[in-house]
Structures are given as structure tokens and as C-alpha cells.
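# Report on the structure
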Amino acid sequence: TQLLEQSPQFLSIQEGENLTVYCNSSSVFSSLQWYRQEPGEGPVLLVTVVTGGEVKKLKRLTFQFGDARKDSSLHITAAQPGDTGLYLCAGFDLYNFNKFYFGSGTKLNVKP
Amino acid sequence: NAGVTQTPKFRILKIGQSMTLQCAQDMNHNYMYWYRQDPGMGLKLIYYSVGAGITDKGEVPNGYNVSRSTTEDFPLRLELAAPSQTSVYFCASTGQGYGYTFGSGTRLTVV
């Protein structure tokens with residue numbers, strides 16, 4: 001059973017377009033992280049959201065944590081080829097030995 | 001640079017061989033994890049440790065073993081390699097639960 005569902009699985013868009021990636025769960029998490037992974041590398045942490053309803057911005061990326069802390073979204077404005085990669089969300093369960101549960105990922109391709 | 005160091009980066013094993021994947025971190029993190037990532041997929045937790053001397057199974061522990069004798073090191077052992085263990089293995093650590101630091105991975109092929 002996948003604890004975190006990400007959608008869409010694949011996304012191919014043109015440079016300059018906007019996009020949103022979703023991360024949904026039936027479980028409540030203490031915090032949620034978003035990572036980007038490039039081929040041949042380990043995931044790199046982009047942001048951590050902790051409070052329900054929290055919104056964080058990282059340049060053209062906007063992250064939101066759902067009010068109930070069960071879901072999150074990542075919105076990219078004016079996507080660029082450098083945004084290409086695998087985006088992973090991870091929910092942190094404070095009450096279960098500090099384990100992170102990863103979604104299956106969204107593979108984004110931004111064409112020039 | 002501080003971080004998580006994994007060795008080797010690449011390895012080819014024959015079916016039935018054994019090997020140890022090394023992982024070391026210099027951030028004094030208590031929590032360490034081993035994940036595997038199959039092509040185009042997310043990460044699956046193999047084993048984790050909440051401190052020296054304490055380890056526990058994750059989602060996919062069969063065929064693997066771990067030990068945690070020090071805070072810094074968390075090796076992953078494959079005893080009898082099988083083709084199903086062909087994957088990329090990532091080690092990660094965290095101190096306060098506010099995000100992992102990942103190693104650069106070990107790409108393992110079992111033939």
C-alpha cells in the first residue's frame with residue numbers, strides 16, 4: 001500500500017508553462033518534504049513544510065501543505081529546462097521512529 | 001564537505017555473491033536509513049537506525065542485513081545476491097526530522 005500518492009506520474013511541458021504536482025495521503029504527517037532528483041544523483045531537499053496551511057516559496061516554486069497535514073502541492077511558474085527531474089514528496093511520521101514515507105515521484109521534462 | 005558518503009559508486013555482482021555497501025556521515029545524525037530505488041520509481045525503505053546499536057526493518061528488508069556500531073557508520077550487507085536486488089541504493093541521515101541528507105548512491109547490478 002502506497003502511503004503517499006503523487007500525481008501526475010509523468011509531465012512533459014514546454015518552457016514557460018506553469019504546472020502543479022500533487023502529493024496526497026490518508027495519513028497525517030508531522031511534516032512533509034519535497035525533493036528533486038536528477039539522473040545519477042541522490043534526492044536533494046527543496047523544502048520542508050510543517051504547519052497545516054503553510055505556504056513556502058523558493059524562487060519560481062511554491063509549496064503548500066494542506067490544512068489537515070495530509071496533502072501537499074508543488075507549483076512551478078514559468079518552468080525552465082533546468083527544472084527537469086524527478087520530484088519526490090516525503091511525509092515524516094514523528095510517532096513512528098522518525099520514518100519518512102516517500103511518494104512514487106513525478107517525472108518532469110521541460111522542453112526548450 | 002560534510003554529508004553522507006557512500007561506497008562503492010558502482011558494482012556488478014554474480015548471483016549468490018555477497019557484498020557490503022558502506023555508508024558514513026559526519027553530521028552526528030542519530031537517524032540513518034537505507035533505501036533502494038528501481039528505475040523510474042520512488043524510494044523504498046530497506047532498514048533504518050535510530051542510533052548506535054539500534055536497527056529495524058523497513059518495507060523491503062528481505063535479503064539484506066545492517067549493523068550500527070557507531071553513530072557515523074551504517075553498512076548494508078547483501079548475503080546471497082539475486083537479480084531482484086539490481087537497483088540503486090541510497091543511504092540517508094537526519095538529525096531532527098527536517099529533511100534527509102542523501103548520499104550519491106550505489107548502482108548495483110546482479111547478473
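Structure shown above.
The structure reproduced in this document is the subject of the present report. All values reported here derive from a predicted model rather than from experimental measurement. (Residues numbered from 1 in each chain as written. Chains lettered and ligands numbered in written order. Predicted model: local features only at pLDDT ≥ 70, side-chain atom pairs only at ≥ 80, totals over all residues. Heavy atoms only, no water.)

### Thoughts on the sheet that holds strand E1 (residues 5-7) of chain A
Residues and elements named next belong to chain A. The 5 strands are arranged E1-E3-E8-E7-E6 in an open sheet whose pairing can be described as antiparallel. Since the sheet does not close on itself, it has two edges, and those belong to E1 and strand E6 (55-58), each with one partner. This sheet shows a mean twist of 15 degrees between the axes of neighbouring strands, independent of strand direction. Bridge analysis of E1 against strand E3 (residues 19-24) gives 3 bridges, and the strand direction is antiparallel. Looking at the pairing, Gln 6 lines up with Cys 23 of E3. (Pairing = 2+ DSSP bridges. Helix = DSSP H or I, 4+ residues; strand = E, 2+ residues; numbered from the N terminus. Axes fitted to C-alpha atoms, helices over the stretch in contact; angles between N-to-C directions.)

### Digging into the interface of chain B and chain A
Each partner contributes to the interface: chain B provides 21 residues, whereas chain A provides 22 residues. A combined buried area of about 1700 Å² lies between chain B and chain A, and 60% of that area is made up of carbon and sulfur atoms. Joining chain B to chain A, the criterion identifies 0 salt bridges. Between chain B and chain A we count 3 residue pairs in polar contact (both at pLDDT 80 or more) in total. For the side of chain B that touches chain A, the secondary-structure elements that each account for two or more residues are strand E4 (31-37), strand E5 (43-51) and strand E9 (87-94) of chain B. Taken together, the residues of the side of chain B that touches chain A break down into 12 nonpolar, 8 polar and 1 charged. (Contact = heavy atoms within 4.5 Å. Buried area = accessible area lost by both parts, 1.4 Å probe. Salt bridge = Lys/Arg side-chain N within 4 Å of Asp/Glu carboxyl O. Polar contact = N/O pair within 3.5 Å; in protein donor to acceptor, adjacent residues only side chain to side chain. Nonpolar A, V, L, I, M, F, W, Y, C, P; charged D, E, K, R; others polar.)

### Some remarks on the pairing of E4(B)
All names here are of chain B. Among the 7 residues that make up E4, 7 are buried, leaving the element largely enclosed by the rest of the structure. Residues of E4 alternate between two faces, with Tyr 31, Tyr 33, Tyr 35 and Gln 37 on one and Met 32, Trp 34 and Arg 36 on the opposite face, all of them buried. As consecutive antiparallel partners, E4 and E5 are separated by 5 residues, and within that stretch Gly 40 has a phi angle of approximately 70 degrees, a positive value. (Buried < 20%, exposed > 50% of the residue type's maximum accessible area, 1.4 Å probe, protein only.)

### Considering the environment of Tyr48(B)
Here Tyr48(B) is to be found in strand E5. Sequence separation between Tyr48(B) and Leu78(B) is 30 residues, and the spatial gap between their C-alpha atoms is 15 Å.

### Points about the packing of aromatic side chains
Tallied over the entire structure, the rule returns 14 aromatic pairs over all chains. The interplanar angle of 45 degrees and the centroid separation of 5.6 Å between the aromatic rings of Tyr35(A) and Phe102(A) together place this pair among those described as tilted. Residue Tyr35(A) is found in strand E4 (residues 31-37), and its partner Phe102(A) is found in strand E10 (residues 99-102); the two are separated by 67 residues along the sequence. According to the relative accessible area criterion, Tyr35(A) is buried, its value standing at 0%. Among the residues examined, Phe102(A) registers a relative accessible area of 5% and is labelled buried. Taking 5.3 Å as the distance between ring centres and 75 degrees as the angle between the ring planes, the aromatic pair formed by Tyr100(B) and Phe102(B) counts as edge-to-face. (Phe/Tyr/Trp six-rings, centres within 6.5 Å; stacked < 30°, edge-to-face > 60°.)

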